[in-house]
Amino acid sequence: MRVSISASGAAAFDSDEFLIRRIWWRVMPLILLTYLVAVVDKANVSFAKLQMVHQIGITETAYGMASSLFFIGYLIFEVPSALGVHRFGAPKWLSRIILSWGIATVLLAYTASGSMFAALRFLVGAAEAGLYPGIIYFFTLWFPRRYQVRALGLLTLGSALGNMLGSAFGGALLSLDGVWNIAGWQWVFLVTGLLAVVLAPFVLFLLPAKVETATFLTPAQRLQLNRMIAADAQPAHAEGVLWGALIDRKVLAFAGGYTLLLTSLYGIIYWLPTVIKAFGVSSALNGALNMIPWALTAVLLVVIPRRLKQESQVRRAAAVIGIAGCVFFLVSIVVESPTARFIAIVLGTPCTSLLLPCFWSLPSKYFSGRRAAASLAVISSYGNFGGFLSQNLMPWIGKLFGHPAYAMVLPAFCLLLLGCIALFMQTGTAQPTASRPVVS
């Protein structure tokens, strides 16, 4: 435990905070930008659809199925790709991921048929596979556990900002329809793909690989950071049979939770414009209204995760957030007033995003080293099946009950389960030591 009553203890604490701030400003802006571009890349299909389905002659259902193949490619290649971060280092491998998905996205601009679109969406998912668990693994190398929730919260902020920017610029790119004989939906894929291509070399040359070779730290700071990271090591789980992670019970439990998270998150992202469209608003107003819940999400991601430095706090917060999100989405279904329905959606949308940093702060307690890279990849790989489920279940539920708003029962159900799981974890582990800092 940290002892803050002594002068030496206080000095050590201040030194730790200064060191983490130095690392924070060196690595987080580039990581945040990378994830923001990745989220924009995921959201581009929702805007391209407005013109694309008519111009290449495919149905809405076929478009949704083809679009969701992104997650199948992601699922299949997640584990081997994420392990590349451990083997080749974050700068080389993450820049490779960014460059390859950027090129694949640009190729989407030249889609000529539904089958070609399906194949390219699968390719984009395969190319982007490994990014998210790779970043999380990178965090375990640079941040002690008590700072990881804050780092993951800022990373999730990139998701909220990406959805905001996607809403803001998607319509603008569609309005370029016909410029230089390029269709609006083609502009969407060209611009979002080129953003990734341009970003890749910056990640390669500016992102530090490992603590031991970090030139922006002094030798004493590198030693100090290594000692802080070493305090988090879990020797009993540090290594093991690599592919054993595929059937590890802890990994599978985390993967189940992550599947619920992504089913909720991608269900909201994919279906929110459809719910708002049912209010009878114009396309321009639809885009503006879609920005509001993600703006609130961004604000809450800045405020809340940084306050969760203890493991018990993380679990309590996750229980409250999950159950609250469920209530908000159920309210959005039962109320008649469009204004009240929209307010409930605005309040419910941030809950899934707030659960992400809470969730990803927990696996590092059980895994480290090479096993951590494999375990995080497996969790992310299995969990991404939730994205596939949501993009196919949300339209089905809306059609089944006769109104788009009823599809929000899916994220409500997922959030309820997650909140109950967090509540069970908190009550099931309640003991005098439960309020210890994540790293003592």
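Residues numbered from 1 in each chain as written. Predicted model: local features only at pLDDT ≥ 70, side-chain atom pairs only at ≥ 80, totals over all residues. Heavy atoms only, no water.

### Points about the packing of helix H3 (residues 90–108) against helix H7 (residues 184–206)
Link 1 in the chain: Across the interface, H3 lies against H7 with an axial gap of 7 Å and an inter-helix angle of 165°. As judged from the angle between their axes, H3 and H7 are roughly antiparallel. Crossing angle aside, the handedness with which H3 passes H7 is left-handed. Contact with H3, carried on its side by Pro-91, Lys-92, Leu-94, Ser-95, Ile-98, Leu-99, Trp-101, Gly-102, Ile-103, Thr-105, Val-106 and Leu-108, involves Trp-185, Phe-189, Leu-190, Thr-192, Gly-193, Leu-194, Ala-196, Val-197, Leu-199, Ala-200, Val-203 and Leu-204 of H7 and no other residues of that element.
Link 2 in the chain: In the contact of H3 with H7, the residues fall into 18 nonpolar, five polar and one charged. (Axes fitted to C-alpha atoms, helices over the stretch in contact; angles between N-to-C directions. Helix = DSSP H or I, 4+ residues; strand = E, 2+ residues; numbered from the N terminus. Parallel < 35°, antiparallel > 145°, perpendicular 65-115°, else oblique. Left-handed = near helix turned anticlockwise from the far one by under 90°. Contact = heavy atoms within 4.5 Å. Nonpolar A, V, L, I, M, F, W, Y, C, P; charged D, E, K, R; others polar.)

### Let's talk about the nonpolar core
Link 1 in the chain: Phe-139, Trp-142, Phe-143 and Trp-360 are the most contacted members of the largest nonpolar core, which has 138 residues in total.
Link 2 in the chain: The element that contributes the greatest number of residues to this core is helix H1 (residues 7–55), accounting for 18 residues. (Core = buried A, V, L, I, M, F, W, Y, C linked by side-chain atoms within 4.5 Å. Buried < 20%, exposed > 50% of the residue type's maximum accessible area, 1.4 Å probe, protein only.)

### Overview of the side chain of Ser-67
Link 1 in the chain: Relative to the helices and strands, Ser-67 resides in helix H2 (residues 60–88).
Link 2 in the chain: With a relative accessible area of 1%, Ser-67 lands in the buried category.
Link 3 in the chain: Residue contacts for Ser-67: discarding those within four places in its chain leaves Val-45, Phe-117, Arg-121 and Gln-391.

### Section: helix H4 (residues 114–128)
Link 1 in the chain: When the terminal C-alpha atoms of H4 are compared, their 21 Å separation across 15 residues agrees well with the 21 Å that a helix rising 1.5 Å per residue should span.
Link 2 in the chain: The set of residues buried in H4 consists of Phe-117, Ala-118, Leu-120, Arg-121, Val-124, Gly-125, Ala-126, Ala-127 and Glu-128.
Link 3 in the chain: Note on H4: the residue one or two positions beyond its end, Gly-130, has a positive phi of about 95°. (Expected span 1.5 Å × (residues − 1).)

### Brief notes about the packing of aromatic side chains
Link 1 in the chain: A complete count under the given rule lists 18 aromatic pairs for this structure.
Link 2 in the chain: Pairing Phe-88 with Trp-93 gives two aromatic rings, centres 5.2 Å apart and planes at 15°, and the pair type is stacked.
Link 3 in the chain: On the basis of an interplanar angle of 25° and a centroid distance of 5.5 Å, the ring pair of Phe-385 and Phe-388 is categorised as stacked. One end of the pair, Phe-385, and the other, Phe-388, are both in helix H14 (residues 385–401), three residues apart, so they sit about a helical turn from each other.
Link 4 in the chain: Put simply, the rings of Tyr-35, Tyr-132, Phe-254, Tyr-258 and Phe-359 pair up and form one aromatic cluster.
Link 5 in the chain: If you follow Arg-96 out to its NZ or CZ, it ends over the ring of Trp-93, 4.4 Å from the centre. (Phe/Tyr/Trp six-rings, centres within 6.5 Å; stacked < 30°, edge-to-face > 60°. Lys NZ or Arg CZ within 6 Å of the ring centre and 35° of its normal.)

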